[in-house]
Amino acid sequence: MPETNWGGDPARDLGNPGEWPFTRGIYPTMYRGKLWTMRQYAGFGTAEETNARFRHLLEAGQTGLSVAFDLPTQMGYDSDHRMAEGEVGRAGVAIDSVEDLERLFHGIPLDQVSTSMTINATAAILLAMYIVVGEEQQVPLTQLQGTLQNDILKEYIARGTYIYPPAPSLRLVTDVFRFTSGASMSFNPISISGYHMREAGATAVQELAFTFANGLEYVRRAQSAGLSVNDFAPRISFFFAAYTDLFEEIAKFRAARRLWARLMKEQFNANDAAARLRFHTQTGGATLTAQQPLNNVVRVAIQAMAAVLGGTQSLHTNSYDEALALPTELSATLALRTQQLLAHETGVPEVVDPLGGSWYVENSTDQIERDARALVAEVEAGGGSVQAIERGYFQQAIAQSAYEQQRAVEAGKRVVVGVNEYVTGEPAPPIPAPDYSKLAEQQRRRLAELRGKREGGRVTRTLGALEAAARAADAPLMEPILDAVRARATVGEISDVLRAVWGVYDRPLGGAR
């Protein structure tokens, strides 16, 4: 972006920290009052292995949990399904039943931790399982804290773990809004994600614009289901990437707060609490290199600094070895220590908005807001996010951006240290992989044991009630899902009921055929 003297109106664009339009932060004292949540993302193999990693990170000072689920769990297949073959435990922890989730949180009191779950198509099922684990720990519903990703629209755009067509998928999302709001849960029912679009190749401006276009769609759907914006919107959260262009990222986060506040006020007349943008940040996974992997330590530190200077509420720092394999205990601890160094040794948290008033940062903030608003308007003029997905608008824009970025790397116009400049040719260190076939067999055995000991008639009845609710357009869904989970129905069995009623979405990510 060009560096020019900033000509914004401070009274209109900035205000004070904690005040409309929240450019300078959503709380008056920001980190002087409370540090961001250090929420390291983990999940691999079995529930027991992931539990051990959670315990290690908590003992090392982590302040929130974040669960990665394997692909079969995300796609609604049990570990013994043919579609799960070769994928059990590979991209996250395998969860087939509430008993697996109990193992995952064994010895971790759910009334004392905040848990984020990266789950979308099966989000309602995993939330129900989390609630049941809480019940069996005797933790009241209102004391469960955390965030459910539950952002199905970006799955159609960039990530691919969708199951059902958009309409019933959005019905599931809004039913989670209804349930959590009605139960007065301290749980964010959605984390609207720009991170995965950025990882797929979106620019910083596209990341904001496409995320907010999706956000407006969710708010409208919840409104149409009879929910009040000022009741549910204060629990909406967002999820953004932090890349290595330090000033662009800081300006992006500041512009994000201001633009979302204005969109919510303009379109829904939301009050300040409902228009306040709270977000989690993850450092850029796609920026990690397998070549000279220790360079990633520096990349992650810069990206984490951008997130903190930009005012994030929650942060995950990637491990330096993630381009090679699942993070080791050593590398995961170092990633956490990176946040702790920022928090306790840099002095940055002592200043509410450290770069506020910088001509360059303010000019960049203004420019990103203008460009992102123009893209949001383009999506809205075309009928909103769902129609944009159907015609491939998002997908094509991100693909073009990714192509241009890769061409710049290959042409040497964009330097990636250790990849296209300062190349040494040193081999990547070997990192051992788990025995996935062994853990898949363990999951299959556990499923067989579960099905042998549960009350089959109760499972059949609860799944039948869920099918009836799915066929009735306005029936609640969370309650019958909860009943099925309490009966020990599995993720795959519950998903299969909904698949049978709603079908599956089989359009390619490139858009309509």
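In this text the structure is predicted, and so the values were computed from the model without any measurement.

### Thoughts on the packing of aromatic side chains
Under the defined criterion, the tally for this structure stands at 22 aromatic pairs. On the basis of an interplanar angle of 40° and a centroid distance of 5.6 Å, the ring pair of Phe177 and Phe232 is categorised as tilted. In this pair, Phe177 is assigned in helix α7 (residues 166–182) and Phe232 in helix α10 (residues 229–232), connecting sequence segments 55 residues apart. Its relative accessible area of 1% is what places Phe177 among the buried residues. We classify Phe232 as buried; its relative accessible area is 3%. Here Phe238 and Trp260 contribute two aromatic rings whose centre-to-centre distance is 4.9 Å and whose plane-to-plane angle is 70°, an arrangement assigned as edge-to-face. Of the two residues, Phe238 sits in strand β7 (residues 236–242) while Trp260 sits in helix α11 (residues 246–268), which places them 22 residues apart along the sequence. Using a relative accessible area of 1% as the deciding quantity, one classes Phe238 as buried. The buried category is assigned to Trp260, whose relative accessible area is 1%. Ring pairing ties together the aromatic residues Phe212, Phe238, Phe240, Phe253, Trp260 and Phe279, which thus form one cluster.

### Focus: the pattern of salt bridges
The full count for this structure, using the stated rule, is 39 salt bridges. Arg488 is paired through a salt bridge with Glu136; the nearest N and O atoms lie 3.0 Å apart. Of this pair, Arg488 sits in the loop between α20 (478–486) and α21 (491–502) while Glu136 sits in helix α5 (residues 123–136), placing them 352 residues apart in sequence. We classify Glu136 as partly exposed; its relative accessible area is 42%. We note a salt bridge from Arg254 to Asp353, for which the minimum N-O separation is 3.0 Å.

### Description of the sheet that holds strand β1 (residues 37–42)
Here 9 strands make up an open sheet; going across it, the order is β5-β4-β3-β2-β1-β9-β8-β7-β6 and the pairing parallel. Two strands bound the open sheet, and with one partner strand each, they are β5 (186–188) and β6 (190–193). Ignoring strand direction, the axes of neighbouring strands in this sheet form an average angle of 25°. Here strand β8 (residues 279–283) runs beside strand β9 (residues 314–316); their pairing, made up of 3 bridges, is parallel. Residue Thr281 lies in a different strand from β9, and its bridge partner there is Leu315. Across the face of the sheet, helix α13 (residues 295–309) comes into contact with β7, β8 and β9 while running at roughly 165° to β8. Here helix α14 (residues 329–345) sits on the sheet in contact with β1 and β9, set at roughly 165° to β1.

### Focus: the pairing of strand β4 (residues 145–148)
Here 4 bridges tie strand β3 (residues 114–118) to β4, and the two strands are oriented parallel to one another. Bridge pairing in β4 places Ser116 opposite Thr147. One crossover worth recording links β3 to the parallel β4 by way of α5, and it is right-handed. Pairing geometry for β4 and β5, over 3 bridges, is parallel.

### Notes on the packing of α7 against helix α9 (residues 204–224)
Where α7 meets α9, the closest approach of the two axes is 9 Å, and the angle between their N-to-C directions is 70°. Here α9 runs roughly perpendicular to α7, going by the angle between their axes. Touching Leu170, Val173, Thr174 and Phe177 of α7 are Tyr218, Arg221 and Ala222, all from α9. Here the contact of α7 with α9 is composed, by residue class, of 5 nonpolar, 1 polar and 1 charged.

### Things to note about the confidence of the model for the chain
For the chain, the mean per-residue pLDDT works out to 94, and 97% of the residues sit at or above 70. Low pLDDT, under 50, characterises residues 509–513; the stretch is placed with 19 contacts to residues that sit more than four places away or in other chains.

### Some remarks on α20
Every buried residue belonging to α20 is among Met478, Pro480, Ile481, Leu482, Ala484 and Val485, and all of these are buried. Where α20 is buried, its residues contact α4 (98–104), α5, α7, α19 (456–471) and α21. Just beyond α20, the residue with positive phi is Arg488, at close to 75°.

### Considering the side chain of Arg454
Within the element layout of this structure, Arg454 appears in the loop between α18 (436–453) and α19. A polar side-chain atom of Arg454 sits 2.7 Å from a polar atom in the side chain of Glu493. Beyond its immediate stretch of four places on either side in the chain, Arg454 contacts Val459, Ala487, Arg488, Ala489, Thr490 and Glu493.

### Notes on the pairing of β3
Along any regular strand, the residues point their side chains to alternate faces of the sheet. Along β3, 5 of the 5 residues are buried, which leaves the element largely enclosed by surrounding structure. Neither face of β3 is open: one carries Ser114, Ser116 and Thr118, the other Thr115 and Met117, and all of them are buried. Here strand β2 (residues 64–68) pairs with β3 via 4 bridges, running parallel. By the bridge assignment, Leu65 is partnered in β3 with Thr115.

### Concerning unusual backbone geometry
A cis amide bond, omega 0°, links Trp20 with the succeeding residue Pro21. Here Pro21 lies in the loop between α1 (10–13) and β1. In this structure, Gln138 is a non-glycine residue whose phi angle is positive, near 60°. Its place among the elements puts Gln138 in the loop between α5 and β4. Residue classification places Gln138 among the exposed residues on the basis of a relative accessible area of 73%. The phi dihedral of Tyr422 is positive, around 60°, even though this residue is not glycine. For Tyr422, the location among the structural elements is in the loop between α17 (393–410) and α18.

Definitions and cut-offs
The residue numbering used here restarts from 1 in each chain and proceeds along that chain's sequence as written. Given that the model is predicted, a residue must reach a pLDDT of at least 70 before its local features are reported, and side-chain atom pairs must reach 80 or more before they are shown or counted; all residues, however, enter totals for whole chains, interfaces and linings. As a rule here, side-chain values come from all non-hydrogen atoms in the structure, and water together with hydrogens is ignored. Only Phe, Tyr and Trp rings are paired, with Trp represented by its six-membered ring, and only when their centres lie within 6.5 Å; those with planes under 30 degrees apart are stacked, over 60 edge-to-face, the remainder tilted. Starting at the N terminus, helices and strands are each numbered in turn, a helix being any DSSP run of H or I of at least four residues and a strand any DSSP run of E of at least two. To sort residues, take the accessible area from a 1.4 Å probe on protein chains only and compare it with the maximum for the residue type: under 20% means buried, over 50% means exposed, and anything in between is partly exposed. Any Lys or Arg side-chain nitrogen found within 4 Å of a carboxyl oxygen on Asp or Glu counts as a salt bridge. One bridge is not enough; two strands pair if DSSP finds at least two bridges between them. The axes used here are C-alpha line fits, helices contributing only the stretch in contact, and every angle between their N-to-C directions lies in the interval 0 to 180 degrees. Any pair of residues with heavy atoms lying within 4.5 Å of one another is described as a contacting pair. For a crossover, the right-handed case is the one in which the path from the first strand over the helix to the second runs clockwise, viewed with the strands pointing away from the viewer. Between 65 and 115 degrees an angle is taken as roughly perpendicular, under 35 as roughly parallel, over 145 as roughly antiparallel, and anywhere else as oblique. Each residue receives one of three labels: charged for Asp, Glu, Lys and Arg, nonpolar for Ala, Val, Leu, Ile, Met, Phe, Trp, Tyr, Cys and Pro, and polar for the others, Gly being one of them. The predictor reports its confidence for every residue as pLDDT, a score running from 0 up to 100. Under this definition, polar contacts are N or O atom pairs within 3.5 Å; protein pairs additionally need one hydrogen-donor-capable and one acceptor-capable atom, and for neighbouring residues in sequence, both atoms have to be side-chain atoms.

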